[in-house]
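# Chain and residue survey
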Amino acid sequence: MDYDPMAMDEIESKGPVIKISQADTVRVKFELSNADISFANSLRRVMLAEIPTIAIDLVEIEDNSSVLADEFIAHRLGLIPLNAEGIEELQYSRDCDCEEYCDHCSVKLTLHARCTGDENMQVVARDLVPSGDRINRVLGTPIINESSDGLGPLIMKLRPGQEIKLQCIAKKGIAKEHAKWAAPSAIGFEYDPHNKLHHLDMWYETDAKLEWPPSEYADWEEPPQEGERFDFNAVPDRFYFNVETAGNIPPDAIVTEGIKVIQQKLASMIHDLGETEGGENGDYNGPRSPEYNGGGDGWQDQGFTTPYGNGGNQSAWGGGAGGTTPYGTTPYGGAGAGNGGW
Amino acid sequence: MAKSKSRTEAPQDASEDVVMQELPTSHQPDVQDDASMAEVDAEDDAEVEDEEEIEDDTQRVRLLPGSTPTAASFEFLNEGHTLGNALRYIIMKNPDVEFCAYAIPHPSEPKMNVRIQTYEGTTAIEALQKGLKDLQDVCDVVSDKFVAAQKDFKKKSISS
Ligand SMILES: [Zn+2]
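Residues numbered from 1 in each chain as written. Chains lettered and ligands numbered in written order. Predicted model: local features only at pLDDT ≥ 70, side-chain atom pairs only at ≥ 80, totals over all residues. Heavy atoms only, no water.

It helps to recall that an α-helix has 3.6 residues per turn; residues three or four apart then point in one direction. Taking 1.5 Å as the rise per residue, helix α4 (residues 81–93) of chain B with 13 residues should run 18 Å; its terminal C-alpha atoms sit 18 Å apart, in good agreement. Buried residues of α4 of chain B: T82, L83, G84, A86, L87, Y89, I90, I91 and K93 of chain B, and no others. (Helix = DSSP H or I, 4+ residues; strand = E, 2+ residues; numbered from the N terminus. Expected span 1.5 Å × (residues − 1). Buried < 20%, exposed > 50% of the residue type's maximum accessible area, 1.4 Å probe, protein only.)

In structure tokens, the structure reads:
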């Protein structure tokens, strides 16, 4: 197998390339090039849905004389961005040894506000006070952006005399389970700004060119020539990411954490496959888990066949010959190997 | 019709129900068939036996029945397009691999199937392992390149 897996492009060179065009505390914009769209999309998906963060998950309301329903407030609290620095040291509650939650798997926040003046009062994220033994001084603290005058997101308003008193338990989670755990607030993902690949079909009234504003990356790529033929072999290979955060994780950390999550996935799969092979002294006798094998003997197992196999003892594909590829006799071309159809 | 023999503890009726519903009549008699079977086959397998792997949450990859050394279907639990598509791509890059595809047989089951068929000289499992490792290498490179790009960017923004 002498090929370079890094060379994701046909006109390969030095593998994937990254160029950052903008980076600050809120966003990072970068171009991933010389990579395949499947990988770029994996990165996008993993950043969106699988980076662990912390968010309020349980709310115990002691007193609520506001006009808002308890569950309405609880929902809003869940969506308040909390600082996720040091999240890797926090345990998932479901993996923790404790009964329901503890300092190893949660952060406690309390909120107590009463409107004593004669003006309506705002209850904001800053009023959420973390308590208890925390993993570090910032994990679970509400994110307060400068733009909000140090107050943070508005949770609710109180009229004179009204009161809210509650305790929140913030837990570790991922956005796959609930969007409140999303690490980025949004991810921009685009490729092929001139739509040369025709992956998009632009709606228009009279002229798509006039009605659709050009992408900010339009200048980065060669526009199509007048009368240029459609390239049937072209594939996208430059991807423009715009990773934006609400502040719980810095934008560049979202990217590195995202890659880390893919790595962890792959590592766990490699580990599992090792177990599947289960020390069958190297030869191809039964790379499957013991419980699957059911104590049977070897590869072609006993009666656990697919609906397509007639005989109980052979695979649906081969004639039990083991080594031949099922496509050896298909319309796809002669003798499997050699003709390089794929 | 050609019925599948089911395993002793597998609920017979349930498994055969599925088979009967899903099996297109034209597919019944012959075994040597066309490529469209690859997916149908894998899908049926996933549904025929379902219970056992759910209780075991540590083992997330499984070889599906009907596999041979050079042509195998794998079932991944709790994985989806995120891993599936990238894995499919990188495995297809391997010149020893004749065919690789992935499918999510049913949207409400957290399962993803990968079909791998190789030429002689390697096995589907080896191809899968190699694919996973190659993808790890790609991640390593992208990660390194990103960190390098960050440094570059900082340098540039300071000097400008
Ligand atoms: Zn705990």
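For the rest of this paragraph, the subject is the sheet that holds strand β9 (residues 184–191) of chain A. Read from one edge to the other, the open sheet built from 4 strands follows the order β1-β2-β10-β9 (chain A), with strand pairing classed as antiparallel. At either margin of the open sheet sits one strand with a lone partner, and together these are β1 (17–23) and β9 of chain A. Going across the sheet, the axis of each strand differs from the next one's by a mean of 20°, ignoring polarity. Of the strand pairs in this sheet, β1 of chain A and strand β2 (residues 27–33) of chain A are connected by 6 bridges, and their pairing is antiparallel. The residue of β2 of chain A that forms the bridge with V17 of chain A is S33 of chain A. Against the sheet, helix α1 (residues 37–49) of chain A makes contact with β2, β9 and β10 (238–245) of chain A, and its axis sits at roughly 165° relative to β9 of chain A, the strand it touches most. Helix α5 (residues 124–159) of chain B rests against β1 and β2 of chain A of the sheet, and its axis sits at about 40° to β1 of chain A. (Pairing = 2+ DSSP bridges. Axes fitted to C-alpha atoms, helices over the stretch in contact; angles between N-to-C directions. Contact = heavy atoms within 4.5 Å.)

Attention now goes to the sheet that holds strand β3 (residues 53–64) of chain A. All names here are of chain A. Pairing is antiparallel across the open sheet formed by 4 strands, whose spatial order is β3-β8-β4-β6. Two strands lie at the open edges of the sheet, namely β3 and β6 (129–131), each paired on one side alone. Here the average twist between neighbouring strands, direction ignored, is 30°.

Attention now goes to the packing of α1 of chain A against α4 of chain B. What describes two packed helices is the angle between their axes and the distance between those same axes. At a minimum axis distance of 8 Å, the contact between α1 of chain A and α4 of chain B shows a crossing angle of 160°. For the element pair α1 of chain A / α4 of chain B, the angle class is roughly antiparallel. Seen along the crossing, α1 of chain A lies across α4 of chain B with a hand that is left-handed. On α4 of chain B, the residues that touch S38, F39, S42, R45 and V46 of chain A of α1 of chain A are H81, T82, N85, A86 and Y89 of chain B. Of the residues contributing to the contact of α1 of chain A with α4 of chain B, the split by class is 4 nonpolar, 5 polar and 1 charged. (Parallel < 35°, antiparallel > 145°, perpendicular 65-115°, else oblique. Left-handed = near helix turned anticlockwise from the far one by under 90°. Nonpolar A, V, L, I, M, F, W, Y, C, P; charged D, E, K, R; others polar.)

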